[in-house]
Amino acid sequence: MRRILWMLAVLALVAAACGGDGDDGGDGEALACGVGETDGDLVLYNWTEYIDPTLIDDFEAEYDVSVTEDFFPNNEELFAKVDAGAAGYDVAVPSDYMVSIMADEGLLLELQKDAIPNIENLAEEFTQVPYDEGNVYSVPYQWGTTGIAVDLEVVGEDFAESWALIFDPAAAGIEPVPTSVLNDTREVLGAALRYLGYSLNTTEQAELDEASELLAGATDTITVFDSDQYEDLLLDGTTAIAHGYSGDFFAAFDGASTDDFDAYERYYYFVPEEGGVRWVDNMVVLADAPSPCTAHTFINFMLEPENGAALTNWNYYGSPNEAAEEFILPEILEDPSIYPTDETLANLEFLADTGDFEVQYEDAFTRARG
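Keep in mind it's a predicted model, so treat the numbers as computed, not measured.

Undergrad: Tell me what's going on with helix 14 (residues 305-315), and back it up with residues and numbers.
TA: Of all the positions in helix 14, only Pro305, Asn307, Gly308, Ala309, Leu311, Thr312 and Asn315 are classed as buried. Directly after helix 14, the chain includes tyrosine 316, whose backbone phi takes a positive value near 65°.

Following this line, the structure appears as structure tokens:
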């Protein structure tokens with residue numbers, strides 16, 4: 001019992017130091033971190049395989065701390081775990097709409113900008129993002145698109161570049177083939193909504209119900225809901241159509257290519273003609289972070305130009321770090337599938353926090369899956 005009381009006391013002190021109301025802790029004492037300051041080891045809560053391990057090694061060596069990584073498959077699981085009181089995480093990497101949800105719930109620490117001078121390296125468009133204007137709680141980490149990748153040897157090359165490939169194969173001009181979609185409520189229902197001609201951020205119940213019914217009707221073809229290994233399932237022949245994130249596919253295609261085999265000739269990624277999601281993943285410091293100063297230092301480290309470029313060169317996602325562009329491989333920087341044209345971007349939406357309507361999305365997704 002004494003051990004439990006002692007742990008609760010420590011957690012209370014940490015909460016007071018970090019606070020839930022910006023930089024000001026619950027006892028009125030402000031958090032003050034210096035540039036490069038550390039106050040303990042770092043626990044990073046991230047998407048699977050989303051950072052070059054060399055960057056972790058370099059951070060540990062430069063600041064004489066250790067980094068522990070834990071992983072989540074989707075934003076909803078990240079939120080549920082943190083909201084339920086999971087302690088010990090310092091930095092997490094939620095997507096755009098989830099940043100605003102977590103901030104509204106008091107789960108994030110307001111960033112101390114003086115401890116992150118490299119925030120000046122961000123491209124201007126990432127300094128006024130709609131889900132966190134002024135980067136009060138978040139710093140963009142990577143960005144990309146969500147679309148479809150197909151195995152051309154199975155699907156052929158005569159098909160409509162449409163969400164119909166998932167929701168109505170006949171309308172896309174193909175026979176049904178094994179298909180995977182992300183295990184992600186907003187991404188999957190967003191795809192259905194765009195196919196139906198609606199905003200992926202709709203708060204109209206009738207539109208959401210229509211999208212849920214569309215998804216339910218496609219579950220005979222959808223063989224798996226997966227956010228971790230969908231690119232591997234495509235490459236090993238388990239599926240022939242996969243819904244997923246741009247960079248994951250490109251990294252997989254690059255890794256599968258050899259002197260005798262060009263994966264880019266067999267597999268093809270695109271954003272459907274109806275449009276879809278442009279997302280931004282972000283680094284945030286959790287309100288109860290045990291090592292908030294180390295967390296700020298890690299964010300600043302990731303915003304170093306060379307480190308931002310190393311991240312993009314490793315995972316094939318766009319970098320929000322304008323200063324990193326000179327170090328990004330030309331074949332990545334000049335690839336319109338990774339850095340889309342303005343025309344493509346105009347047809348994409350950020351996922352937005354729909355407030356209380358988020359519950360309706362969760363219910364609709366559960367209903368559709370049966």
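After presenting the structure, the write-up continues.
Undergrad: Report on the pattern of salt bridges, specifying residues and quantitative values.
TA: Considering all chains together, one arrives at 7 salt bridges under this definition. Linking aspartate 70 and lysine 81 is a salt bridge whose minimum nitrogen-to-oxygen distance equals 3.2 Å. With aspartate 70 in strand 2 (residues 67-72) and lysine 81 in helix 3 (residues 75-83), this residue pair connects regions lying 11 residues apart in the sequence. The exposure class assigned to aspartate 70 is partly exposed, which follows from its relative accessible area of 25%.

Undergrad: Report on the side chain of histidine 243, specifying residues and quantitative values.
TA: On the secondary structure map, histidine 243 appears in strand 7 (residues 241-245). Looking at histidine 243, the relative accessible area reads 1%, which means it is buried. Reaching out from histidine 243, the side chain makes a polar contact with the backbone nitrogen of leucine 182 at a distance of 3.2 Å. Setting aside anything within four residues of it in sequence, one finds histidine 243 in contact with Thr146, Gly147, Trp163, Ile166, Ser180, Val181, Leu182, Glu187, Val188, Ala191, Tyr230 and Phe249.

Undergrad: Tell me about empty space enclosed by the protein, residues and numbers included.
TA: Counted under the stated rule, the structure contains 1 cavity of 30 Å³ or more. Approximately 50 Å³ is the volume found for the largest cavity. Among the elements of the structure, strand 4 (138-151) and helix 14 are those that each provide at least two residues to the lining of the largest cavity. For the lining of the largest cavity, the residue count by class is 7 nonpolar, 3 polar and no charged.

Undergrad: If you had to explain the packing of helix 9 (residues 205-217) against helix 17 (residues 358-369) to someone new, which residues and values would you point to?
TA: At their nearest, the axes of helix 9 and helix 17 sit 8 Å apart, and the two run at 25° to each other. Taken together, the axis directions place helix 9 and helix 17 in an arrangement best described as roughly parallel. Judged by the sense of rotation from one axis to the other, the crossing of helix 9 with helix 17 is right-handed. Mapping the contact onto sequence places Gln205, Leu208, Asp209, Ser212, Leu215 and Ala216 in helix 9 and Gln360, Tyr361, Ala364, Phe365, Arg367 and Ala368 in helix 17.

Undergrad: Quick one: what's the story with the layout of surface pockets, residue by residue and with numbers?
TA: Estimates place the volume of the largest pocket at around 430 Å³. As for the largest pocket, its lining consists of 26 residues, and the residues nearest its centre are Thr48, Glu49, Tyr50, Asp248 and Tyr317. Where the lining of the largest pocket is concerned, the elements lending two or more residues are helix 4 (96-104), helix 10 (230-235), helix 11 (246-256), strand 9 (276-285) and helix 14. Here the lining of the largest pocket gets 4 residues from one element, more than from any other, and that element is helix 11. Classifying every residue of the lining of the largest pocket gives 11 nonpolar, 6 polar and 9 charged.

Undergrad: Explain the side chain of threonine 185 to me, and be specific about the residues and the numbers.
TA: Of note, threonine 185 is situated in helix 8 (residues 185-195). Among the polar contacts listed, one links the side chain of threonine 185 to the side chain of glutamate 362, at a separation of 3.3 Å. In this structure threonine 185 touches Glu76, Tyr361, Glu362 and Phe365, once residues within four positions along its chain are discounted.

Undergrad: Kindly report on unusual backbone geometry, identifying the contributing residues and their values.
TA: What you tend to see is this: most non-glycine residues have negative phi, and most peptide bonds are trans. In this structure, aspartate 64 takes a positive phi of about 55° despite not being glycine. In this structure, aspartate 64 sits in the loop between helix 2 (53-63) and strand 2. Under the relative-accessibility criterion, aspartate 64 is labelled exposed at 71%. Positioned with a positive phi, tyrosine 316 is a non-glycine residue whose angle comes to about 65°. Among the structural elements, tyrosine 316 can be located in the loop between helix 14 and helix 15 (330-333).

Undergrad: Could you give an account of the pairing of strand 7, with specific residues and numbers?
TA: Taken across its 5 residues, strand 7 has 5 buried, putting it largely inside the fold. As defined by bridge partners, strand 4 adjoins strand 7 across 5 bridges and the pair is classed as antiparallel. Each bridged residue has a counterpart across the sheet, and for glycine 147 the counterpart in strand 7 is glycine 244.

Undergrad: Explain the environment of serine 66 to me, and be specific about the residues and the numbers.
TA: Mapped onto the elements of the fold, serine 66 is located in the loop between helix 2 and strand 2. Look at serine 66 and you get partly exposed, because its relative accessible area is 31%. Remark: the alpha-carbon pair of serine 66 and glycine 134, spanning 68 residues in sequence, is separated by 30 Å. Dropping the residues within four chain positions of it, serine 66 is found in contact with Asp41, Leu42 and Glu60.

Undergrad: So, the packing of aromatic side chains: which residues are in play, and what are the values?
TA: Aromatic ring pairs: the centre-centre distance and the angle between the two ring planes describe each pair. Within the structure shown, the criterion is met by 27 aromatic pairs. A ring pair is formed by tyrosine 230 and tyrosine 245, whose centres lie 6.3 Å apart and whose planes are at 75°; its orientation type is edge-to-face. Here tyrosine 245 lies in strand 7 and tyrosine 230 lies in helix 10, a separation of 15 residues in the sequence. As far as burial versus exposure is concerned, tyrosine 230 and tyrosine 245 are alike and both buried. An angle of 15° between the planes, with centres 5.6 Å apart, marks the rings of phenylalanine 253 and tyrosine 267 as stacked. With a gap of 14 residues between them, phenylalanine 253 in helix 11 and tyrosine 267 in strand 8 (residues 267-270) connect regions that are remote in the sequence.

Each value, and the rule that gives it
- Residues numbered from 1 in each chain as written.
- Predicted model: local features only at pLDDT ≥ 70, side-chain atom pairs only at ≥ 80, totals over all residues.
- Heavy atoms only, no water.
- Buried < 20%, exposed > 50% of the residue type's maximum accessible area, 1.4 Å probe, protein only.
- Helix = DSSP H or I, 4+ residues; strand = E, 2+ residues; numbered from the N terminus.
- Salt bridge = Lys/Arg side-chain N within 4 Å of Asp/Glu carboxyl O.
- Polar contact = N/O pair within 3.5 Å; in protein donor to acceptor, adjacent residues only side chain to side chain.
- Contact = heavy atoms within 4.5 Å.
- 1 Å grid on protein atoms, 1.4 Å probe; cavity = no way out; pocket = protein on both sides within 12 Å on 5 of 7 lines; lining within 4 Å.
- Points joined across faces, edges and corners; volume = space filled by probe spheres on them.
- Nonpolar A, V, L, I, M, F, W, Y, C, P; charged D, E, K, R; others polar.
- Axes fitted to C-alpha atoms, helices over the stretch in contact; angles between N-to-C directions.
- Parallel < 35°, antiparallel > 145°, perpendicular 65-115°, else oblique.
- Left-handed = near helix turned anticlockwise from the far one by under 90°.
- Pairing = 2+ DSSP bridges.
- Phe/Tyr/Trp six-rings, centres within 6.5 Å; stacked < 30°, edge-to-face > 60°.

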